[in-house]
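Given next are the chains, with one letter for each unit.
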Amino acid sequence: MFRAIKLEKDGDATKAAITEVDEADLPEGDVTVRVGYSTLNYKDGLAITGSGPVVRKWPMVPGVDFSGVVEQSDNPAFKVGDKVVLNGWGVGEGHWGGLAELARVKGDWLVPLHAPFTLRDAMIIGTAGYTAMLCVMALEDYGITPDKGDVLVTGAAGGVGSIAVAILSKLGYRVVAMTGRPEEAEFLKDLGAAEVIGRGGYSEQGRPLAKERWAAAVDVVGGHVLANVCASLKYRGAVAACGLAGGMALPATVAPFILRGVALLGVDSVMLPQADRIKAWKRMSTDLDPRLLDKLVDTVAFEDVIEAAGRLMNGTQRGRVVVPIN
Ligand code: NDP
(Lines give C-alpha, C1' and ligand atoms only; values in the text may rest on other atoms or scores of the structure.)
Protein backbone atom coordinates (compact mmCIF):
# COMPACT_ATOMS: atom_id res chain seq x y z
CA MET A 1 0.00 0.00 0.00
CA PHE A 2 1.13 3.58 -0.54
CA ARG A 3 -0.25 7.05 0.19
CA ALA A 4 -1.71 9.20 -2.57
CA ILE A 5 -3.98 12.16 -2.98
CA LYS A 6 -7.04 10.80 -4.70
CA LEU A 7 -9.64 12.83 -6.55
CA GLU A 8 -13.16 11.47 -6.93
CA LYS A 9 -16.08 12.93 -8.79
CA ASP A 10 -18.97 13.85 -6.51
CA GLY A 11 -21.76 15.11 -8.78
CA ASP A 12 -20.37 18.33 -10.25
CA ALA A 13 -17.83 18.69 -7.45
CA THR A 14 -14.41 17.14 -6.92
CA LYS A 15 -13.61 15.36 -3.63
CA ALA A 16 -9.91 15.33 -2.72
CA ALA A 17 -8.46 13.23 0.09
CA ILE A 18 -5.26 11.50 1.15
CA THR A 19 -5.89 7.78 0.72
CA GLU A 20 -4.05 4.45 1.08
CA VAL A 21 -3.81 2.87 -2.38
CA ASP A 22 -2.90 -0.69 -3.36
CA GLU A 23 0.21 -0.89 -5.54
CA ALA A 24 -1.73 -3.35 -7.74
CA ASP A 25 -4.05 -0.46 -8.69
CA LEU A 26 -1.26 1.62 -10.26
CA PRO A 27 -1.94 2.37 -13.92
CA GLU A 28 -0.08 0.74 -16.79
CA GLY A 29 3.51 1.69 -17.47
CA ASP A 30 6.96 0.18 -17.81
CA VAL A 31 8.70 2.18 -15.08
CA THR A 32 7.71 2.48 -11.41
CA VAL A 33 9.16 5.46 -9.56
CA ARG A 34 9.40 6.10 -5.81
CA VAL A 35 8.44 9.76 -5.83
CA GLY A 36 10.89 11.98 -3.95
CA TYR A 37 9.22 15.32 -4.54
CA SER A 38 6.21 16.67 -6.31
CA THR A 39 4.89 20.18 -6.65
CA LEU A 40 1.77 22.24 -7.24
CA ASN A 41 1.27 23.87 -10.61
CA TYR A 42 -1.74 25.94 -11.63
CA LYS A 43 -3.17 22.89 -13.38
CA ASP A 44 -2.90 20.83 -10.17
CA GLY A 45 -4.77 23.61 -8.38
CA LEU A 46 -7.53 23.40 -10.98
CA ALA A 47 -7.68 19.59 -10.67
CA ILE A 48 -7.66 19.39 -6.86
CA THR A 49 -10.19 22.17 -6.30
CA GLY A 50 -12.33 21.10 -9.27
CA SER A 51 -12.13 24.68 -10.63
CA GLY A 52 -11.39 23.58 -14.20
CA PRO A 53 -11.96 20.51 -16.37
CA VAL A 54 -8.43 19.13 -16.03
CA VAL A 55 -9.19 15.56 -14.93
CA ARG A 56 -10.20 13.24 -17.75
CA LYS A 57 -10.46 9.93 -15.83
CA TRP A 58 -11.80 9.15 -12.36
CA PRO A 59 -10.58 8.42 -9.78
CA MET A 60 -7.39 10.43 -10.43
CA VAL A 61 -4.16 11.00 -8.56
CA PRO A 62 -3.19 14.63 -9.36
CA GLY A 63 0.33 15.97 -9.88
CA VAL A 64 1.58 16.85 -13.35
CA ASP A 65 5.18 16.74 -12.11
CA PHE A 66 7.36 14.49 -10.01
CA SER A 67 10.99 13.65 -9.42
CA GLY A 68 12.15 10.41 -7.89
CA VAL A 69 14.12 7.20 -8.07
CA VAL A 70 13.34 4.27 -10.35
CA GLU A 71 12.12 1.32 -8.28
CA GLN A 72 11.31 -1.09 -11.10
CA SER A 73 11.88 -0.86 -14.85
CA ASP A 74 11.07 -2.87 -17.97
CA ASN A 75 12.37 -0.01 -20.11
CA PRO A 76 15.94 -0.40 -21.37
CA ALA A 77 16.56 3.34 -20.98
CA PHE A 78 16.12 3.22 -17.18
CA LYS A 79 17.46 1.01 -14.43
CA VAL A 80 16.67 0.66 -10.73
CA GLY A 81 18.17 3.57 -8.81
CA ASP A 82 18.14 6.10 -11.68
CA LYS A 83 17.03 9.60 -10.74
CA VAL A 84 14.29 10.80 -13.05
CA VAL A 85 11.93 13.72 -13.66
CA LEU A 86 8.47 13.76 -15.18
CA ASN A 87 6.70 16.86 -16.53
CA GLY A 88 3.32 16.69 -18.20
CA TRP A 89 2.32 14.07 -20.81
CA GLY A 90 -1.21 14.17 -19.37
CA VAL A 91 0.01 12.75 -16.05
CA GLY A 92 -2.26 14.00 -13.25
CA GLU A 93 -4.98 14.51 -15.87
CA GLY A 94 -5.58 11.20 -17.69
CA HIS A 95 -2.92 9.04 -15.96
CA TRP A 96 -2.21 8.90 -12.20
CA GLY A 97 0.27 11.59 -11.22
CA GLY A 98 2.99 12.62 -8.83
CA LEU A 99 1.15 13.53 -5.63
CA ALA A 100 1.68 9.99 -4.35
CA GLU A 101 4.47 7.90 -2.88
CA LEU A 102 4.62 5.74 -6.02
CA ALA A 103 3.98 6.46 -9.70
CA ARG A 104 3.96 4.12 -12.68
CA VAL A 105 4.42 5.70 -16.12
CA LYS A 106 5.79 5.07 -19.59
CA GLY A 107 9.57 5.33 -19.53
CA ASP A 108 9.33 7.42 -22.70
CA TRP A 109 7.81 10.19 -20.59
CA LEU A 110 10.74 10.38 -18.17
CA VAL A 111 13.86 12.50 -18.47
CA PRO A 112 17.00 11.76 -16.48
CA LEU A 113 17.62 14.28 -13.68
CA HIS A 114 19.85 16.94 -15.21
CA ALA A 115 23.03 17.94 -13.30
CA PRO A 116 23.54 20.05 -11.21
CA PHE A 117 19.93 19.85 -10.09
CA THR A 118 18.80 17.73 -7.16
CA LEU A 119 15.42 15.96 -7.05
CA ARG A 120 14.18 18.87 -4.93
CA ASP A 121 15.55 21.52 -7.34
CA ALA A 122 13.79 19.76 -10.22
CA MET A 123 10.46 20.23 -8.47
CA ILE A 124 11.14 23.83 -7.43
CA ILE A 125 11.49 24.32 -11.16
CA GLY A 126 8.73 21.88 -12.19
CA THR A 127 6.51 22.32 -15.23
CA ALA A 128 6.23 26.03 -14.39
CA GLY A 129 9.98 26.61 -14.61
CA TYR A 130 10.50 24.42 -17.59
CA THR A 131 7.67 26.26 -19.36
CA ALA A 132 9.27 29.60 -18.48
CA MET A 133 12.45 28.34 -20.15
CA LEU A 134 10.45 27.27 -23.22
CA CYS A 135 8.96 30.76 -23.43
CA VAL A 136 12.40 32.33 -23.35
CA MET A 137 13.64 29.88 -26.01
CA ALA A 138 10.63 30.73 -28.20
CA LEU A 139 11.48 34.43 -28.00
CA GLU A 140 15.14 33.71 -28.79
CA ASP A 141 14.20 31.52 -31.76
CA TYR A 142 12.13 34.42 -33.06
CA GLY A 143 15.19 36.68 -32.83
CA ILE A 144 14.61 38.65 -29.63
CA THR A 145 17.87 39.79 -28.02
CA PRO A 146 18.52 41.92 -24.91
CA ASP A 147 19.43 45.02 -26.98
CA LYS A 148 15.91 45.18 -28.46
CA GLY A 149 14.39 46.66 -25.28
CA ASP A 150 12.32 45.84 -22.22
CA VAL A 151 10.72 42.42 -21.79
CA LEU A 152 7.44 42.23 -19.86
CA VAL A 153 6.55 39.24 -17.70
CA THR A 154 2.91 39.03 -16.60
CA GLY A 155 1.69 37.09 -13.55
CA ALA A 156 5.23 37.64 -12.38
CA ALA A 157 4.82 36.58 -8.76
CA GLY A 158 3.42 33.17 -9.78
CA GLY A 159 5.38 30.04 -10.72
CA VAL A 160 6.01 30.50 -14.45
CA GLY A 161 6.33 34.27 -14.10
CA SER A 162 8.87 34.30 -11.28
CA ILE A 163 11.16 31.83 -13.04
CA ALA A 164 10.81 33.71 -16.34
CA VAL A 165 11.94 36.88 -14.52
CA ALA A 166 14.97 35.03 -13.10
CA ILE A 167 16.03 33.47 -16.42
CA LEU A 168 15.53 36.60 -18.55
CA SER A 169 17.44 38.79 -16.14
CA LYS A 170 20.35 36.29 -15.96
CA LEU A 171 20.44 36.39 -19.78
CA GLY A 172 20.87 40.18 -19.69
CA TYR A 173 17.36 41.35 -20.55
CA ARG A 174 15.84 44.37 -18.81
CA VAL A 175 12.83 42.71 -17.25
CA VAL A 176 9.66 44.50 -16.23
CA ALA A 177 7.58 42.34 -13.89
CA MET A 178 3.81 42.87 -13.89
CA THR A 179 2.03 41.75 -10.74
CA GLY A 180 -1.30 42.30 -9.02
CA ARG A 181 0.57 42.01 -5.72
CA PRO A 182 2.69 45.13 -5.08
CA GLU A 183 3.85 43.54 -1.80
CA GLU A 184 5.91 41.10 -3.92
CA ALA A 185 8.01 43.89 -5.49
CA GLU A 186 11.11 43.14 -3.37
CA PHE A 187 10.83 39.42 -4.14
CA LEU A 188 10.69 40.17 -7.88
CA LYS A 189 13.62 42.60 -7.69
CA ASP A 190 15.65 39.94 -5.86
CA LEU A 191 14.97 37.63 -8.82
CA GLY A 192 16.33 40.28 -11.20
CA ALA A 193 13.37 42.46 -12.24
CA ALA A 194 14.56 45.96 -13.14
CA GLU A 195 11.09 47.38 -12.62
CA VAL A 196 7.86 46.13 -11.05
CA ILE A 197 4.52 47.45 -12.28
CA GLY A 198 0.87 46.82 -11.41
CA ARG A 199 -1.65 45.35 -13.84
CA GLY A 200 -2.80 48.92 -14.63
CA GLY A 201 -5.44 48.89 -17.33
CA TYR A 202 -4.15 45.62 -18.79
CA SER A 203 -6.98 43.59 -17.26
CA GLU A 204 -9.61 45.65 -19.08
CA GLN A 205 -10.62 45.98 -22.72
CA GLY A 206 -7.97 48.17 -24.35
CA ARG A 207 -7.40 49.84 -27.69
CA PRO A 208 -6.44 47.79 -30.76
CA LEU A 209 -3.05 49.51 -30.77
CA ALA A 210 -1.37 51.16 -27.80
CA LYS A 211 1.96 52.94 -27.35
CA GLU A 212 4.86 50.69 -28.43
CA ARG A 213 6.42 49.67 -25.13
CA TRP A 214 7.74 46.07 -25.07
CA ALA A 215 10.33 44.37 -27.25
CA ALA A 216 8.92 41.08 -26.04
CA ALA A 217 6.78 39.51 -23.35
CA VAL A 218 6.10 36.28 -21.52
CA ASP A 219 2.39 36.02 -20.77
CA VAL A 220 0.80 33.54 -18.36
CA VAL A 221 -2.51 35.38 -18.00
CA GLY A 222 -4.29 35.37 -21.37
CA GLY A 223 -7.59 37.28 -21.73
CA HIS A 224 -7.48 41.08 -21.80
CA VAL A 225 -3.91 41.08 -20.47
CA LEU A 226 -2.61 39.17 -23.50
CA ALA A 227 -4.66 41.33 -25.87
CA ASN A 228 -3.18 44.49 -24.32
CA VAL A 229 0.32 43.01 -24.40
CA CYS A 230 -0.06 42.37 -28.16
CA ALA A 231 -1.30 45.95 -28.62
CA SER A 232 1.73 47.40 -26.84
CA LEU A 233 4.52 45.33 -28.40
CA LYS A 234 7.07 47.27 -30.43
CA TYR A 235 7.29 46.83 -34.19
CA ARG A 236 8.26 43.14 -34.84
CA GLY A 237 8.07 42.33 -31.16
CA ALA A 238 6.84 38.97 -29.85
CA VAL A 239 4.95 37.51 -26.94
CA ALA A 240 5.34 33.92 -25.76
CA ALA A 241 1.87 32.96 -24.53
CA CYS A 242 1.59 29.94 -22.26
CA GLY A 243 -1.20 30.54 -19.77
CA LEU A 244 -4.81 31.35 -19.01
CA ALA A 245 -4.67 32.45 -15.35
CA GLY A 246 -6.83 35.44 -16.31
CA GLY A 247 -9.04 33.71 -18.84
CA MET A 248 -9.24 31.57 -21.92
CA ALA A 249 -10.58 34.29 -24.25
CA LEU A 250 -8.39 36.46 -26.44
CA PRO A 251 -10.37 39.68 -26.95
CA ALA A 252 -7.86 41.18 -29.40
CA THR A 253 -7.87 42.59 -32.93
CA VAL A 254 -5.51 41.73 -35.76
CA ALA A 255 -4.13 45.29 -35.76
CA PRO A 256 -0.84 44.55 -33.92
CA PHE A 257 -0.15 41.59 -36.23
CA ILE A 258 -0.84 43.28 -39.55
CA LEU A 259 0.33 46.80 -38.74
CA ARG A 260 3.31 46.11 -36.49
CA GLY A 261 4.26 42.60 -37.61
CA VAL A 262 4.26 41.33 -34.04
CA ALA A 263 4.22 37.62 -33.28
CA LEU A 264 2.12 35.58 -30.91
CA LEU A 265 4.20 32.52 -30.06
CA GLY A 266 2.24 29.68 -28.49
CA VAL A 267 4.07 27.56 -25.91
CA ASP A 268 3.03 24.08 -24.84
CA SER A 269 5.03 22.01 -22.39
CA VAL A 270 2.76 19.00 -22.01
CA MET A 271 3.27 17.10 -25.28
CA LEU A 272 6.68 18.55 -26.18
CA PRO A 273 8.99 15.96 -27.76
CA GLN A 274 11.70 14.50 -25.55
CA ALA A 275 14.66 16.12 -27.35
CA ASP A 276 13.22 19.61 -26.77
CA ARG A 277 12.60 18.85 -23.10
CA ILE A 278 16.18 17.78 -22.61
CA LYS A 279 17.34 20.94 -24.39
CA ALA A 280 15.21 23.07 -22.04
CA TRP A 281 16.54 21.31 -18.91
CA LYS A 282 20.09 21.75 -20.21
CA ARG A 283 19.49 25.45 -20.78
CA MET A 284 18.16 25.83 -17.24
CA SER A 285 21.35 24.36 -15.85
CA THR A 286 23.21 27.37 -17.24
CA ASP A 287 20.56 30.10 -17.44
CA LEU A 288 18.80 29.80 -14.10
CA ASP A 289 20.89 30.82 -11.11
CA PRO A 290 20.58 27.83 -8.71
CA ARG A 291 21.05 30.19 -5.75
CA LEU A 292 17.65 31.70 -6.56
CA LEU A 293 15.80 28.43 -6.17
CA ASP A 294 15.56 28.75 -2.40
CA LYS A 295 14.09 32.25 -2.74
CA LEU A 296 11.39 30.87 -5.04
CA VAL A 297 10.22 27.97 -2.97
CA ASP A 298 7.50 27.42 -0.42
CA THR A 299 7.65 23.91 1.03
CA VAL A 300 4.24 22.36 1.64
CA ALA A 301 3.81 19.07 3.53
CA PHE A 302 1.96 16.30 1.72
CA GLU A 303 -0.81 16.57 4.36
CA ASP A 304 -1.32 20.28 3.50
CA VAL A 305 -1.39 20.04 -0.31
CA ILE A 306 -5.18 20.18 -0.64
CA GLU A 307 -5.32 23.43 1.34
CA ALA A 308 -2.37 24.89 -0.63
CA ALA A 309 -4.20 24.16 -3.90
CA GLY A 310 -6.89 26.60 -2.73
CA ARG A 311 -4.25 29.30 -2.12
CA LEU A 312 -2.87 28.76 -5.62
CA MET A 313 -6.32 29.24 -7.10
CA ASN A 314 -7.05 32.45 -5.23
CA GLY A 315 -3.71 33.93 -6.31
CA THR A 316 -2.11 34.22 -2.88
CA GLN A 317 0.61 31.60 -3.39
CA ARG A 318 3.98 33.09 -4.32
CA GLY A 319 6.64 31.48 -6.53
CA ARG A 320 6.84 27.71 -6.50
CA VAL A 321 5.48 25.07 -4.16
CA VAL A 322 7.53 21.97 -3.46
CA VAL A 323 6.03 18.89 -1.83
CA PRO A 324 8.50 16.46 -0.22
CA ILE A 325 7.03 12.96 -0.45
CA ASN A 326 9.55 10.22 0.38
P1 NDP B 1 0.48 30.50 -10.62
O2 NDP B 1 -0.86 30.40 -9.98
O3 NDP B 1 1.69 30.19 -9.83
O4 NDP B 1 0.66 31.98 -11.22
C5 NDP B 1 -0.30 32.62 -11.97
C6 NDP B 1 -0.17 34.12 -11.73
O7 NDP B 1 -1.01 34.80 -12.66
C8 NDP B 1 -0.64 34.57 -10.36
O9 NDP B 1 0.34 34.40 -9.38
C10 NDP B 1 -0.95 36.02 -10.65
O11 NDP B 1 0.27 36.74 -10.64
C12 NDP B 1 -1.46 36.01 -12.08
N13 NDP B 1 -2.93 36.02 -12.14
C14 NDP B 1 -3.78 35.12 -11.60
N15 NDP B 1 -5.05 35.44 -11.87
C16 NDP B 1 -5.00 36.57 -12.61
C17 NDP B 1 -5.99 37.41 -13.21
N18 NDP B 1 -7.29 37.13 -13.09
N19 NDP B 1 -5.57 38.48 -13.91
C20 NDP B 1 -4.27 38.77 -14.05
N21 NDP B 1 -3.28 38.02 -13.48
C22 NDP B 1 -3.65 36.94 -12.79
O23 NDP B 1 0.39 29.59 -11.92
P24 NDP B 1 1.60 29.03 -12.84
O25 NDP B 1 2.65 30.07 -12.89
O26 NDP B 1 1.93 27.65 -12.44
O27 NDP B 1 0.86 28.95 -14.25
C28 NDP B 1 0.52 30.15 -14.92
C29 NDP B 1 -0.33 29.83 -16.16
O30 NDP B 1 0.46 29.15 -17.10
C31 NDP B 1 -1.54 28.95 -15.86
O32 NDP B 1 -2.63 29.38 -16.65
C33 NDP B 1 -1.08 27.59 -16.29
O34 NDP B 1 -2.15 26.76 -16.66
C35 NDP B 1 -0.20 27.95 -17.47
N36 NDP B 1 0.80 26.94 -17.79
C37 NDP B 1 0.86 26.50 -19.08
C38 NDP B 1 1.78 25.58 -19.46
C39 NDP B 1 1.86 25.18 -20.90
O40 NDP B 1 2.43 24.14 -21.20
N41 NDP B 1 1.36 26.00 -21.81
C42 NDP B 1 2.68 24.97 -18.48
C43 NDP B 1 2.62 25.57 -17.17
C44 NDP B 1 1.67 26.51 -16.84
P45 NDP B 1 0.47 38.14 -9.90
O46 NDP B 1 -0.15 37.98 -8.56
O47 NDP B 1 1.93 38.35 -9.88
O48 NDP B 1 -0.25 39.15 -10.76
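These numbers were taken from a predicted model, which means no experiment stands behind them. (Residues numbered from 1 in each chain as written. Predicted model: local features only at pLDDT ≥ 70, side-chain atom pairs only at ≥ 80, totals over all residues.)

J.: Looking at this structure, I do not really get the nonpolar core. What am I missing?
T.: Nonpolar side chains tend toward joint burial in soluble globular proteins. The biggest cluster of nonpolar side chains holds 109 residues, and the ones touching the most others in it are Cys-135, Val-153, Ala-164 and Val-165. A per-element tally of this core places helix H2 (residues 119-142) first, with 14 residues. Mapped onto the domain boundaries, this core takes at least three residues apiece from domain 1 (2-113 + 291-324) and domain 2 (128-266). When sequence neighbours within four positions are dropped, the list of residues in contact with Val-153 reads Gly-161, Ala-164, Val-165, Leu-168, Val-175, Ala-177, Met-178 and Val-218. (Core = buried A, V, L, I, M, F, W, Y, C linked by C-beta atoms within 7 Å. Buried ≥ 20, exposed ≤ 12 C-beta atoms within 10 Å, placed from the backbone. Helix = DSSP H or I, 4+ residues; strand = E, 2+ residues; numbered from the N terminus. Domains from an automatic or database assignment. Contact = placed C-beta atoms within 7 Å.)

J.: Just to check I follow, could you spell out the packing of helix H1 (residues 42-49) against helix H9 (residues 305-313) for this structure?
T.: The packing of two helices is summarised by the inter-axis angle and the distance between the axes. Where H1 meets H9, the axes come as close as 8 Å, and the angle between the chain directions of the two elements is 115°. Here H1 runs over H9; the crossing is left-handed. Here Tyr-42, Asp-44, Gly-45, Ile-48 and Thr-49 of H1 come into contact with H9, specifically with Ile-306, Ala-309, Gly-310, Leu-312 and Met-313. Classifying every residue of the contact of H1 with H9 gives six nonpolar, three polar and one charged. (Axes fitted to C-alpha atoms, helices over the stretch in contact; angles between N-to-C directions. Left-handed = near helix turned anticlockwise from the far one by under 90°. Nonpolar A, V, L, I, M, F, W, Y, C, P; charged D, E, K, R; others polar.)

J.: For this particular structure, what's the right way to read the domain arrangement of the chain?
T.: Often the size quoted for an interface is simply the accessible area lost on bringing the parts together. Split into domains, the chain comes out as domain 1 (2-113 + 291-324) and domain 2 (128-266). With centres defined by C-alpha atoms, the gap from domain 1 to domain 2 works out at 28 Å. Contacts between the two partners involve 10 residues from domain 1, matched on the other side by 13 residues from domain 2. Class assignment for the residues of the side of domain 1 that touches domain 2 results in three nonpolar, four polar and three charged.

J.: Is there a simple way to think about the site of the ligand in this case?
T.: Taken together, 32 residues surround the ligand, and among them Gly-155, Ala-157, Gly-158, Thr-179 and Gly-243 come closest. Taken together, the elements giving at least two residues each to the shell around the ligand come down to H1, H2 and helix H3 (159-170). For the shell around the ligand, the residue count by class is 14 nonpolar, 14 polar and four charged. Two domains each put at least three residues into the shell around the ligand: domain 1 (2-113 + 291-324) and domain 2 (128-266). (Near = placed C-beta within 6 Å.)

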